[in-house]
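Spelled out, the chains give:
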There are 2 protein chains.
Amino acid sequence: MALLSILTPVLAVLLCLVIGFMLLKPRDTGSKTTTAVKSNFRPWVDQDLQDNTEIRAREEDDGDWVDSNEEEEALPHIPYSPVRYSDETMLERSKTFYALMNQRRSVRFISPEPVPREVIDNVIHTAGTGPSGAHTEPWTFVVVSDTEIKHQIRLIVEEEEEMNYRQRMGEKWVNDLSRLRTNWIKEYLDVAPYLVLIFKQTYGILPNGKKKTHYYNEISVSISCGILLAALQNAGLVTVTSTPLNCGPQLRLLLKRPANEKLLMLLPVGYPASDATVPDLKRKPLDEIMVHV
Amino acid sequence: MALLSILTPVLAVLLCLVIGFMLLKPRDTGSKTTTAVKSNFRPWVDQDLQDNTEIRAREEDDGDWVDSNEEEEALPHIPYSPVRYSDETMLERSKTFYALMNQRRSVRFISPEPVPREVIDNVIHTAGTGPSGAHTEPWTFVVVSDTEIKHQIRLIVEEEEEMNYRQRMGEKWVNDLSRLRTNWIKEYLDVAPYLVLIFKQTYGILPNGKKKTHYYNEISVSISCGILLAALQNAGLVTVTSTPLNCGPQLRLLLKRPANEKLLMLLPVGYPASDATVPDLKRKPLDEIMVHV
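What counts, and at which threshold
- Residues numbered from 1 in each chain as written.
- Chains lettered and ligands numbered in written order.
- Predicted model: local features only at pLDDT ≥ 70, side-chain atom pairs only at ≥ 80, totals over all residues.
- Heavy atoms only, no water.
- Helix = DSSP H or I, 4+ residues; strand = E, 2+ residues; numbered from the N terminus.
- Buried < 20%, exposed > 50% of the residue type's maximum accessible area, 1.4 Å probe, protein only.
- Contact = heavy atoms within 4.5 Å.
- Areas by Shrake-Rupley, 256 points an atom, 1.4 Å probe, with all protein chains shown as cover.
- Pairing = 2+ DSSP bridges.
- Axes fitted to C-alpha atoms, helices over the stretch in contact; angles between N-to-C directions.
- Salt bridge = Lys/Arg side-chain N within 4 Å of Asp/Glu carboxyl O.
- Parallel < 35°, antiparallel > 145°, perpendicular 65-115°, else oblique.
- Left-handed = near helix turned anticlockwise from the far one by under 90°.
- Nonpolar A, V, L, I, M, F, W, Y, C, P; charged D, E, K, R; others polar.
- Disulfide = S-S within 2.5 Å.
- Expected span 1.5 Å × (residues − 1).
- Core = buried A, V, L, I, M, F, W, Y, C linked by side-chain atoms within 4.5 Å.
- Phe/Tyr/Trp six-rings, centres within 6.5 Å; stacked < 30°, edge-to-face > 60°.
- Lys NZ or Arg CZ within 6 Å of the ring centre and 35° of its normal.
- Lys, Arg positive; Asp, Glu negative; His and termini not counted.
- Polar contact = N/O pair within 3.5 Å; in protein donor to acceptor, adjacent residues only side chain to side chain.

## Observations concerning the overall build of chain A
Helix and strand content of chain A: 11 helices and eight strands. When each of the 293 residues of chain A is scored for burial, the buried share is 56%. If you take every contact in chain A between residues at least 6 apart in sequence, the share linking residues at least 24 apart comes to 81%. Surface accessibility of chain A: about 12,600 Å² in total, with carbon and sulfur atoms responsible for 60%.

## Here's the deal with the sheet that holds strand β6 (residues 261-269) of chain B
The mixed open sheet is built from four strands, whose spatial order is β8(A)-β2(B)-β3(B)-β6(B). This sheet does not close on itself; its edge strands, each paired only once, are β8 (290-292) of chain A together with β6 of chain B. Across this sheet, the average inter-strand angle for adjacent strands is 20°, counted without regard to direction.

## Description of the pairing of strand β2 (residues 139-144) of chain B
Extensive coverage of β2(B) is indicated by the burial of six of its six residues. The side-chain alternation of β2(B) yields two buried faces, one formed by B:Trp139, B:Phe141 and B:Val143 and the other by B:Thr140, B:Val142 and B:Val144. Bridging between β8(A) and β2(B) involves three bridges; their strand directions are parallel. Bridged to A:His292 within β2(B) is B:Val143. Here β2(B) runs beside strand β3 (residues 194-201) of chain B; their pairing, made up of six bridges, is antiparallel.

## Comments concerning unusual backbone geometry
One non-glycine residue, A:Lys256, adopts positive backbone phi at about 55°. Structurally, the position occupied by A:Lys256 is in the loop between α10 (248-254) and β6 (261-269). Of note in the backbone geometry, B:His135 takes a positive phi value of approximately 50° without being a glycine. In this fold, B:His135 is placed in the loop between α5 (117-127) and β2.

## Notes on the pattern of salt bridges
Taken as a whole, this structure holds 16 salt bridges over all chains when the rule is applied. Here A:Arg117 and A:Asp121 are joined by a salt bridge, their closest N and O atoms 2.8 Å apart. In this pair, A:Arg117 and A:Asp121 both sit in helix α5 (residues 117-127), four residues apart, roughly one turn of the helix. One salt bridge connects B:Asp280 with B:Lys282, and the closest N-O pair in it is separated by 3.1 Å.

## Regarding the packing of α5(A) against helix α4 (residues 87-102) of chain B
Closest axis-to-axis distance for the α5(A)/α4(B) pair is 9 Å, and the angle between their directions is 15°. Here α5(A) lies roughly parallel to α4(B), going by the angle between them. Crossing geometry of α5(A) relative to α4(B) is assigned as left-handed. Contacts between α5(A) and α4(B) involve A:Glu118, A:Val119, A:Asn122, A:His125 and A:Thr126 on the former and, on the latter, B:Met90, B:Leu91, B:Ser94, B:Lys95, B:Phe97, B:Tyr98 and B:Met101. Across the contact of α5(A) with α4(B), the residue classes break down as six nonpolar, four polar and two charged.

## Let's talk about the state of the cysteines
The term disulfide refers to a covalent linkage connecting the sulfur atoms of a pair of cysteines. Counting across every chain of the model gives zero disulfides over all chains. Looking at the unpaired A:Cys225, the closest cysteine sulfur is the one in B:Cys225, lying at 13 Å. Residue A:Cys225 is classed as buried on the basis of its relative accessible area of 0%. Cysteine B:Cys247 shares no disulfide, and the gap to the nearest cysteine sulfur, in B:Cys225, comes to 17 Å. Given the relative accessible area of 0%, B:Cys247 is considered buried.

## Details of helix α4 (residues 87-102) of chain A
Look at α4(A): 22 Å from first C-alpha to last across 16 residues, which is about the 22 Å you get at 1.5 Å a residue. Here the buried face of α4(A) lies against α9 (217-235) of chain A together with α4, α5 and α9 (217-235) of chain B.

## Describing the sheet that holds strand β2 (residues 139-144) of chain A
If you trace the four strands from one edge of the open sheet to the other, you get β6(A)-β3(A)-β2(A)-β8(B), paired in mixed fashion. Lying at the two open borders of the sheet, with one neighbouring strand each, are β6 of chain A together with β8 (290-292) of chain B. Going across the sheet, the axis of each strand differs from the next one's by a mean of 20°, ignoring polarity. By the bridge criterion, eight bridges tie strand β3 (residues 194-201) of chain A to β6(A) in an arrangement that is antiparallel. Pairing of A:Leu195 across the sheet is with A:Pro268, part of β6(A). Against the sheet, α5(A) engages β2, β3 and β6 of chain A together with β8 of chain B, with an angle of about 165° to β2(A).

## Let's talk about the nonpolar core
By size, the foremost hydrophobic cluster in this structure holds 78 residues, and its most contacted members are A:Ile124, A:Leu228, A:Leu237, B:Ile124 and B:Leu228. Contact partners of B:Leu228, with chain neighbours within four places excluded, come to B:Val123, B:Ile124, B:Ala127, B:Phe141, B:Val196, B:Ile198 and B:Leu267.

## A few points about the packing of aromatic side chains
For the coordinates displayed, the defined rule picks out one aromatic pair over all chains. With 6.1 Å between their ring centres and 20° between their planes, A:Phe97 and B:Phe97 make a pair best called stacked. Here A:Phe97, found in helix α4, pairs with B:Phe97, found in helix α4, and the two come from separate chains. Accessibility classification places A:Phe97 together with B:Phe97 in one group, the buried group. Between the NZ or CZ atom of A:Arg84 and the centre of the ring of B:Tyr271, over which it lies, the distance is 3.6 Å. Lying over the aromatic face of B:Tyr203, B:Lys211 brings its terminal NZ or CZ to 5.1 Å of the ring centre.

## Let's talk about the side chain of B:Lys150
All names here are of chain B. As for its position among the elements, lysine 150 is in helix α6 (residues 147-168). The charged side chain of lysine 150 is buried without a salt bridge, its nearest counter-charge being aspartate 190 at 6.7 Å. Within the local environment of lysine 150, its side chain forms a polar contact with the backbone oxygen of alanine 192, the two atoms lying 2.6 Å apart.

That's the geometry; what it means functionally is another story.
As structure tokens, this is what we get:
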């Protein structure tokens with residue numbers, strides 16, 4: 001008791017400090033918690049109201065993709081008069097192009113037959129004609145034909161994919177999928193004559209060494225990828241649009257890409273294998289994807 | 001002192017409780033803080049290492065876009081053997097397609113001349129052939145030809161754009177841009193025969209009413225938009241890829257789109273105006289966008 005009596009002032013002081021600390025701590029914690037909640041918990045409605053475009057508003061210099069940036073606006077404007085077709089020709093061309101594109105399917109059974117390198121150059125060059133926010137052209141297409149590198153890519157992707165499958169799918173589903181030859185085994189990564197790894201440049205480096213934000217870089221590169229798919233289909237080549245999970249950083253390092261580049265997609269490219277198959281599925285009819293006002 | 005002596009046991013107990021509480025609290029706080037930091041503070045390098053694909057990993061059922069979802073995996077596979085061209089033909093086709101796509105430019109001076117509705121249907125139908133995560137086809141193309149609705153869209157977009165310009169650009173820059181006819185005035189929104197508003201479906205509704213996540217919906221819709229741009233160019237029509245800032249929710253309500261749809265892009269479509277001009281800029285050469293390994 002005596003000891004306690006002596007200690008009392010000490011205890012009292014300690015208690016005051018502790019309580020004071022407690023009183024401050026929660027606010028602190030509170031704010032952090034809210035931020036955490038705000039940024040992690042994304043109810044659908046909020047997500048809709050808090051439109052991405054709003055978040056970008058403060059960053060973006062213009063909603064239009066002017067195919068030019070601030071300095072380039074100083075560029076003179078030149079007349080633009082592309083070929084003009086008659087109504088009949090337009091109709092015919094648009095029908096034919098639809099028919100061609102509608103034959104495209106994601107194909108995973110790719111033939112090892114070689115494909116002329118010049119054709120690959122042309123389709124990549126075509127992808128590079130896409131529009132981009134402020135004409136930043138924030139894309140890098142890494143075309144891999146080296147057998148050893150292709151194999152290393154396969155090892156990286158399969159290791160991650162196996163984890164994805166095993167962790168998130170039950171034995172049964174995994175077996176079902178493997179019977180359908182849809183599993184973490186990506187034979188095509190070794191087999192396809194070319195692997196096209198599409199990197200988005202999340203920012204640019206200015207001459208003065210400063211970083212330049214590439215607005216809408218993911219959307220820009222994805223649009224460019226759509227044009228690439230059209231070019232491949234037009235050339236009679238097949239691919240499957242894949243977004244390897246967790247592999248971005250490893251593949252970036254393997255391919256020696258700079259820190260401002262992030263892997264967006266990986267497309268194996270080649271002719272379809274003679275025994276290639278695709279799931280027998282349909283696309284939505286026009287009236288389910290188009291609304292006329 | 002006596003009073004304190006009496007209170008001592010109480011104080012001691014209180015102190016123990018408080019300290020115990022303190023010992024638990026931090027862990028709790030800690031985790032929350034880390035989450036908050038992870039998700040809000042995004043230095044370039046971290047952003048690269050903490051690849052988006054990793055964030056998606058837990059959600060995504062397969063890195064590959066199998067053009068089919070879990071149920072559809074039950075679909076039988078069918079043989080796939082598209083047309084195959086000779087090397088010469090492939091080369092020729094890839095060259096011609098590049099030349100055609102390379103003529104595409106973002107055009108803001110659009111002619112009011114009518115465009116056959118069927119051509120628009122065909123290009124939208126073509127856009128609908130794009131691949132999508134788990135074949136969700138998460139896109140809605142709203143084609144607006146109604147003069148009054150087009151004008152209301154213009155009012156909404158210009159109001160927001162004017163704020164964007166005035167808030168973020170100095171008088172001088174605004175004047176410079178307006179001399180170049182690049183400002184918040186979007187005449188083409190009234191003039192173009194068609195406005196195509198592309199919405200991404202951020203989630204789907206299952207028959208049982210439950211929400212179904214549409215993985216990679218923004219990338220999928222952007223790829224589809226790339227195919228749309230190719231189809232428009234192929235038909236001899238022009239557009240400018242725009243991402244109206246802050247207008248998403250207002251335009252969604254104006255067009256009576258459901259809450260799961262978010263505006264991704266707005267494309268005015270038509271023939272170029274006879275006096276159409278474009279900034280005289282160049283595209284990166286092939287060796288700046290392609291790396292061969």
